Amino acid sequence: MSTENLVFVYGTLKRGCSNHHFLTGQKFLGEARTRPGFRLYALGGFPGMIPLSIDRDGVKGEVWSVDAAALVRLDGLEGLNEGMYRRERIVLLAPFADREVETYIYARSVAGRRDLGSEWIE
Ligand code: PCA
């Protein structure tokens, strides 16, 4: 099976970060930025990205091509079943603007969380 799942990662899954080993054996396609309208918040050792209409900068991250088994492991890590994050389509800037890419959007409240702007650095 040759399904290609493109995933935009912006936090602990990035190269050099604590959960990057979940992407071992997967394919790095490049650094990327979302279109404006997204913001990162500090959740305690990891970030959460949410839509924020007033944002003008977008969020910086990386695009990876992951196989189906790795995607299942990522969904587990991000707590999809517990409602922590949800995996959704995201629109990136060039060169990924026309690609179908998904990301993990934080699904809980960020009230009181620190605004990290557009880039998370571990
Ligand atoms: N891991 C996922 C979502 C937030 C996090 O820390 C990521 O790197 O994109």
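All residue numbers refer to position in the chain's written sequence, counted from 1. Predicted model: local features are reported for residues with pLDDT of at least 70 only, side-chain atom pairs are reported and counted for 80 or more only, and whole-chain, interface and lining totals are derived from all residues. Heavy atoms from the whole structure form the basis of all side-chain values; hydrogens and water molecules are not counted.

Colleague: Help me out: how do you make sense of the pattern of salt bridges in this one?
Modeller: A side chain of one charge can pair with a side chain of the opposite charge if their charged atoms are brought near each other. Put simply, a salt bridge is a Lys or Arg side-chain nitrogen that is within 4 Å of an Asp or Glu carboxyl oxygen. Counted by the stated rule, this structure contains 9 salt bridges. One salt bridge in this structure joins R39 and D115, with 2.7 Å as the shortest N-O distance. Taken together, the residues R39 in strand β3 (residues 38–42) and D115 in strand β8 (residues 115–117) connect sequence positions 76 residues apart. For D115, a relative accessible area of 37% gives the class partly exposed. In this structure, E102 and R87 form a salt bridge, with 2.5 Å as the shortest nitrogen-oxygen distance. With E102 in strand β7 (residues 101–106) and R87 in strand β6 (residues 85–90), the pair connects residues that are 15 residues apart, well separated along the chain. Burial classes: relative accessible area under 20% of the type maximum marks a residue as buried, over 50% as exposed, and values in between as partly exposed (1.4 Å probe, protein chains only). In this structure E102 comes out as partly exposed when scored by relative accessible area, which is 24%. On the basis of relative accessible area, R87 is assigned to the partly exposed category, the value being 26%. When salt bridges with common partners are traced through the structure, they connect R15, E31 and E62 into a single cluster. Strands here are runs of E lasting at least two residues and helices are runs of H or I lasting at least four, both read from the DSSP assignment and numbered beginning at the N terminus.

Colleague: Quick question: what am I supposed to make of the site of the ligand here?
Modeller: Note on terminology: near, applied to a residue and a molecule or strand, indicates that one of the residue's heavy atoms is within 4 Å of it. Around the ligand sit V9, Y10, G11, T12, L13, F46, P47, E78 and Y85, and those are all the residues in its vicinity. The side chain of E78 places a nitrogen or oxygen atom 3.1 Å from a nitrogen atom of the ligand. To be clear on the numbers: accessible area is Shrake-Rupley with a 1.4 Å probe, and residue cover counts the displayed protein chains and nothing else. A total of 250 Å² of accessible area belongs to the ligand in isolation, and the protein chains cover 99% of it. Taken together, the residues that form the shell around the ligand break down as 6 nonpolar, 2 polar and 1 charged. N or O atoms closer than or at 3.5 Å make up a polar contact, with two conditions inside protein: a donor-capable atom paired with an acceptor-capable one, and, for residues adjacent in sequence, both atoms drawn from side chains. Three residue categories are used. Nonpolar comprises Ala, Val, Leu, Ile, Met, Phe, Trp, Tyr, Cys and Pro, charged comprises Asp, Glu, Lys and Arg, and polar comprises the others, including Gly.

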